[in-house]
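Structural overview for review
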Amino acid sequence: MQENKNLYIKIKSLAIFGLASLMAGCTSINSTSFSNMSSAYREVIESYSNDNILLNIVRSSKNMPLSFLDIPSVIGTGNVLANAGVSGFQAGTPYGVSPANSVTGNIGLAVNSGFTFTQASLDNAQFMQSFLKEIPLSVLGMKGSERLLPRAVSYTLLIESVELRNNNAVIHRFNNDPLDPDYHEFQNLLYLLIESGLTVENSQTKIPVGPVLNKNMLAKSIDSWGSATVENLAKGIFTLDRVGGLNGSQYQLMQNSTSQRVCVNKGRAQELLGNILSADSYCKDSPHYPKSDSNYAAVIKSFTSAYPNAKNIELVIGIRSPANVFDFLGSVLNAQYQGDGSKTVMIKPSKSVFDSYNERYKDPHPLFKVYRNQSINDPAAIVTYKGVTYSISDNDESYSKDVMEFMSTLVTVSKIPGAIPASPAVVVR
């Protein structure tokens, strides 16, 4: 009897030790499970975002409405359950025979994990108001996370047209449309403007506030200025400027405003085009740069011969909305599949002093290349629309992935407060 009791105690102790070991290992198991879930979530979200952008580009090529979804929240759940037990059985036997003993132990472990996420539709007024609005000029210099992305790529995506004007009369309009028969003219002009240092510059303007005041009136008015006016003066939003008058004794309260304008480098533009551009077309900050290795002689000759008597030409740059950029890429997709593919939008290499040079861009490459019903290795995004499969490659020589990254940024900046509904459209468990 004593031996059986000792055996029972020994097995029970082992069971308790096993349970303690399991509980000690819970942290490790839970950590590994969470890491795996997080990695899987990141991969799904990346694929979700890329596929959503590609799908809307395909929709645009079919003149179908665009539709965007977003995952505003993700809740992860996970737990580890351990159990251990010991049971014993002792039965007496007749005729003085020693009783029979039975001791059993069990140890169990269960791991549970999962995600609950919400999926919201962006088909609402708040998102569309931002998505359909013209992209601010300041974004024209945005190059995304790809530091060496050529300006020709971002400018091709963002610029809708370039107009040449003289005394407010349109001399010619160059449309950035790959299906336009004269699309090469726009591309030649764009490269010429990039070589001329096309950029966006901040411009400071002053807006008069209230009437012009002499010294006596100014002294009386100061007492009536509210705290907001004084605060704006302290912050530099308002300034008090002399505006002339007898002995410069008149003053004007001015509101300082910063705006953006498109301009080119004065020295480089005059080297390439002479003096046909107006003074307002030149950047105030126009340092002198050495000439680049690129030869634009043929383009310059074609441009100047087309407008032999042009003087004081103003450049008017039309900027797209995010929705228009999707429309443009839809046209790029259609141009790629027209005829023999000769209308595929190609981006030429840049050796301009205004652009960082990368060996990757030494030859012309497609702006955006989509493979239709083709099996490719390691696609960066792949969608099926109306029975047709579209994909972009993760490693071809096109700018497709750079364009996808750029488009993702444009969609993100369109998500103004209120664009993502507080109540999600779908909860997925």
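Starting from 1, residues in each chain are numbered consecutively following that chain's sequence as written. Residues qualify for local features only when their pLDDT is at least 70, as the model is predicted, and side-chain atom pairs are given and counted only at 80 or more; totals for whole chains, interfaces and linings, by contrast, use all residues. Side-chain metrics in this entry use all non-hydrogen atoms of the structure; hydrogen atoms and water are not considered.

1. Focus on the confidence of the model for the protein
Predicted coordinates in regions of low pLDDT should not be interpreted in detail. The quantity called pLDDT is the predictor's confidence in a given residue, expressed from 0 to 100. Per-residue confidence for the protein gives a mean pLDDT of 77; residues scoring 70 or more make up 70%. Helix and strand labels come from DSSP, where a helix needs a run of H or I of at least four residues and a strand needs a run of E of at least two; each type is numbered from the N terminus. Mean pLDDT per element in the protein: strand β14 (residues 426-428) is the minimum at 47, and helix α10 (residues 322-336) is the maximum at 95. Whether two residues are in contact is decided by their heavy atoms: any pair within 4.5 Å suffices. This model gives residues 22-29 a pLDDT under 50, and the stretch forms nine contacts once residues within four places in sequence are excluded. Low pLDDT (under 50) marks residues 425-429, which in the prediction has 14 contacts with non-local residues, meaning those over four places away or in another chain.

2. A word on the nonpolar core
Nonpolar side chains tend toward joint burial in soluble globular proteins. Counting 73 residues, the largest nonpolar core has Ile-159, Leu-367 and Phe-368 as its most contacted members. Sorting elements by how many residues they give to this core places helix α5 (residues 183-195) first, with eight residues. Beyond its immediate chain neighbours, meaning those up to four positions away, Leu-367 contacts Val-153, Thr-156, Leu-157, Phe-328, Val-332, Val-345, Ile-347, Tyr-399, Ser-400 and Val-403. As used here, the term nonpolar core means buried Ala, Val, Leu, Ile, Met, Phe, Trp, Tyr and Cys residues forming a set that is joined through side-chain atoms within 4.5 Å. Whether a residue is buried, partly exposed or exposed follows from its accessible area with a 1.4 Å probe, protein chains only, as a fraction of its type maximum: under 20%, in between, or over 50%, in that order.

3. Focus: the sheet that holds strand β7 (residues 250-263)
Two strands form a pair only when DSSP identifies at least two bridges running between them. Across the sheet, three strands lie side by side as β5-β7-β6; this open sheet has antiparallel pairing. Only two strands of the sheet have a single neighbouring strand rather than two, namely β5 (199-214) and β6 (238-244). Strand-to-strand twist of the sheet, defined as the mean angle between neighbouring strand axes without regard to direction, takes the value 45 degrees. Two elements, β6 and β7, share six bridges in a ladder whose sense is antiparallel. Bridge pairing links Phe-238 to Gln-255 in β7. Interaxial angles span 0 to 180 degrees and are taken between N-to-C directions of axes, which are lines fitted to C-alpha atoms, for helices over the stretch in contact. Of the strands in this sheet, β6 and β7 touch helix α7 (residues 227-235), which is tilted by about 85 degrees from β6.

4. Focus on the side chain of Asp-241
On the secondary structure map, Asp-241 appears in strand β6. One polar contact links Asp-241 to Thr-239, side chain to side chain, over a distance of 3.2 Å. If we skip the residues at most four places from it in the chain, Asp-241 touches Lys-206, Gln-250, Tyr-251, Gln-252 and Met-254. Within 3.5 Å is the distance limit for a polar contact, defined as a pair of N or O atoms, with the added protein rule that one can donate a hydrogen and the other accept it, and that residues adjacent in sequence qualify only through two side-chain atoms.

5. Some remarks on the pairing of β7
The pairing of β5 with β7 spans 13 bridges and is classified as antiparallel. Bridging from a neighbouring strand, Thr-199 pairs with Cys-263 of β7.

6. As for α5
At 3.6 residues per turn, the α-helix brings residues three or four places apart onto the same side. Given the number of residues in a helix, its expected span is that number minus one, multiplied by 1.5 Å. Its 13 residues give α5 an end-to-end C-alpha distance of 19 Å, which sits within 8% of 18 Å, the value for a rise of 1.5 Å per residue. Burial analysis of α5 places ten of its 13 residues in the buried class, which makes it a mostly covered element. Every buried residue of α5 is listed here: Tyr-183, Phe-186, Gln-187, Leu-189, Leu-190, Tyr-191, Leu-192, Leu-193, Ile-194 and Glu-195. One or two positions beyond α5, positive phi appears at Gly-197, with a value near 85 degrees.

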